[in-house]
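Chain by chain, the residues:
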Amino acid sequence: MTAIAELQKRVGAVLALAPVVPVLVIDDPAHAVPLARALVAGGLPAIEVTLRTPVALDAVRAIAAEVEGAAVGVGSVRRPQDFADALKAGATFAVSPGSSPGLIAAARDIDLPWLPGAATASEAMALLEQGYTQLKFFPAESIGGAVALKSLGGPLPELRFCATGGIGANNAHEYLALANVPCVGGSWVAPAAAVKAGDWGKIEALAREAAALK
C-alpha cells in the first residue's frame with residue numbers, strides 16, 4: 001500500500017466515526033475543551049477546527065491533549081506550512097476547501113491524513129489520479145447539492161465525499177442517503193450563541209440529534 005493510500009485509509013476511518021463532522025470557528029481558546037467534550041459526549045468525536053482565527057492551533061492543541069475520544073483535525077488548510085503546524089499541534093487529520101499543486105506536493109511528505117476539497121468532476125478526477133479517494137465536496141449547496149453528488153457517484157464510484165457548505169439539520173439527510181457520502185460537515189451543531197454562552201448542554205443535545213441521523 002502506498003503512503004497516500006494508507007493516509008487515505010486513515011481519513012476514511014475518521015469519516016466513518018459519525019455522520020456529522022462539526023466544523024468549528026473558535027475565537028476563545030477557553031471554549032475549546034468544553035465544546036469538544038460536549039460534542040464527543042453527544043456522539044460526534046471527529047471535530048474540525050478551522051484555521052480562521054489566531055487561536056485555532058491553540059484550540060487544537062488543547063483538544064488533542066485534554067479531550068478523551070476526540071479525533072481533532074484542522075480545517076481551512078491552504079498553505080503547505082499549515083500541514084506542519086497542524087501536525088505539531090496534535091491534529092489527526094487536515095481538511096482543505098480545495099486543492100493546489102503545492103498542497104498536493106506537501107501532503108506527500110508529511111504523516112498527516114488529508115481530505116482535499118473538490119467542486120467538480122475534473123477536480124475530483126485529478127485528485128483520484130494522485131491517489132485520493134476521500135474528498136471534501138465544497139461548497140456543497142452552492143454547486144448542486146445532493147443531486148450533484150449523486151451524479152458524480154455514477155462515473156466515479158470509488159470516491160467518497162464529506163459534503164460541507166450550506167448543510168444543516170434540515171438537509172443533511174439528503175446527503176447521508178447517498179452511497180458516496182459517509183458524512184457531512186457543518187457548524188449547526190455548535191451555534192455561535194450557544195458557544196459564547198457556554199451552553200454545553202444545548203450543544204451536546206444538538207450533537208446527539210446529529211449523531212442519530214445515520
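Residues numbered from 1 in each chain as written. Predicted model: local features only at pLDDT ≥ 70, side-chain atom pairs only at ≥ 80, totals over all residues. Heavy atoms only, no water.

**Quick notes on the sheet that holds strand E6 (residues 117-118)**
Alright, step 1. The strand order across the open sheet formed by nine strands is E5-E4-E3-E2-E1-E9-E8-E7-E6, and the pairing between neighbours is parallel. If you trace the sheet from one side to the other, it starts and ends with strand E5 (114-115) and E6, each paired once.
Alright, step 2. Both strand E2 (residues 46-50) and strand E3 (residues 71-75) contribute to a ladder of five bridges, which runs parallel. Note on E3: the bridge partner recorded for Glu48 is Gly73. (Pairing = 2+ DSSP bridges. Helix = DSSP H or I, 4+ residues; strand = E, 2+ residues; numbered from the N terminus.)

**Regarding the pattern of salt bridges**
Alright, step 1. Applying the stated criterion across every chain yields a total of five salt bridges.
Alright, step 2. Put simply, Asp58 and Arg61 hold a salt bridge, and the shortest N to O gap is 2.8 Å. Of this pair, Asp58 and Arg61 both sit in helix H3 (residues 56-66), three residues apart, which is roughly one turn of the helix.
Alright, step 3. Several salt bridges share partner residues, and in doing so they unite Arg79, Asp82 and Asp85 into one network. (Salt bridge = Lys/Arg side-chain N within 4 Å of Asp/Glu carboxyl O.)

**Some words on the side chain of Ser96**
Alright, step 1. Within the secondary structure, Ser96 sits in the loop between strand E4 (93-95) and helix H5 (101-107).
Alright, step 2. For Ser96, the side chain forms a polar contact with the main-chain oxygen of Val77, separated by 2.8 Å.
Alright, step 3. Leaving out residues up to four positions away in the same chain, Ser96 has contacts with Val77, Leu103, Trp114, Leu115, Pro116, Gly117 and Lys136. (Polar contact = N/O pair within 3.5 Å; in protein donor to acceptor, adjacent residues only side chain to side chain. Contact = heavy atoms within 4.5 Å.)

**Focus on the packing of helix H2 (residues 32-41) against H3**
Alright, step 1. The N-to-C vectors of H2 and H3 enclose an angle of 55 degrees; their axes lie 9 Å apart at closest approach. As judged from the angle between their axes, H2 and H3 are oblique. In this structure, the crossing between H2 and H3 has a hand that is right-handed. Taken together, the residues of H3 that come into contact with H2 (itself represented by Ala32, Val33, Ala36 and Arg37) are Ala59, Ala62, Ile63 and Glu66.
Alright, step 2. Of the residues assigned to the contact of H2 with H3, the class counts are six nonpolar, no polar and two charged. (Axes fitted to C-alpha atoms, helices over the stretch in contact; angles between N-to-C directions. Parallel < 35°, antiparallel > 145°, perpendicular 65-115°, else oblique. Left-handed = near helix turned anticlockwise from the far one by under 90°. Nonpolar A, V, L, I, M, F, W, Y, C, P; charged D, E, K, R; others polar.)

**Digging into the pairing of E2**
Alright, step 1. Burial analysis of E2 places five of its five residues in the buried class, the great majority of the element.
Alright, step 2. On E2, burial covers both faces: Ala46, Glu48 and Thr50 on one face and Ile47 and Val49 on the other are all buried.
Alright, step 3. Across two bridges, the pairing between strand E1 (residues 20-24) and E2 is parallel. Counterpart to Val23 in the pairing with E2 is Glu48.
Alright, step 4. In this fold, E2 hands off to H3, which returns the chain to E3; that crossover is right-handed. (Buried < 20%, exposed > 50% of the residue type's maximum accessible area, 1.4 Å probe, protein only. Right-handed = clockwise from strand over helix to strand, strands pointing away.)

**Observations concerning the nonpolar core**
For soluble globular proteins, the rule of thumb is that nonpolar side chains tend to be buried together.
Alright, step 1. Among the nonpolar cores identified, the biggest contains 65 residues, and Val49, Phe83, Leu149, Tyr175 and Val184 are the most heavily contacted of them.
Alright, step 2. Beyond its immediate chain neighbours, meaning those up to four positions away, Phe83 contacts Val77, Ala94, Leu103, Ala106, Ala107, Ile110, Leu112 and Trp114.
Alright, step 3. With 10 residues, the next largest nonpolar core counts Val14, Val21, Val95 and Leu115 among its residues. (Core = buried A, V, L, I, M, F, W, Y, C linked by side-chain atoms within 4.5 Å.)

**Description of the pairing of strand E7 (residues 134-137)**
Alright, step 1. Across the two faces of E7 the burial is the same, with Gln134 and Lys136 and Leu135 and Phe137 all buried.
Alright, step 2. The parallel pair E6 and E7, bridged by helix H6 (residues 121-129), forms a crossover whose chirality is right-handed.
Alright, step 3. Here E7 pairs with strand E8 (residues 160-164) via four bridges, running parallel. Looking at E8, one finds that Leu135 is bridged to Phe161.

**Comments concerning the environment of Gly131**
Alright, step 1. Structurally, Gly131 can be placed in the loop between H6 and E7.
Alright, step 2. Separated by 124 residues in the primary sequence, Gly131 and Leu7 place their C-alpha atoms 9.9 Å from one another.
Alright, step 3. Setting aside residues no more than four positions away along its own chain, Gly131 makes contact with Ile4 and Gln8.

**Digging into helix H1 (residues 3-15)**
Alright, step 1. Taking 1.5 Å per residue as the helical rise, H1 with its 13 residues ought to reach 18 Å, and the 19 Å between its terminal C-alpha atoms agrees with that figure.
Alright, step 2. Those residues of H1 that fall on the buried side of the exposure criterion are Ile4, Leu7, Gln8, Val11, Gly12, Val14 and Leu15. Buried positions in H1, seen along its axis, are confined to an arc of 155 degrees and lie on one side of it. (Expected span 1.5 Å × (residues − 1). Arc of directions from axis to C-beta.)

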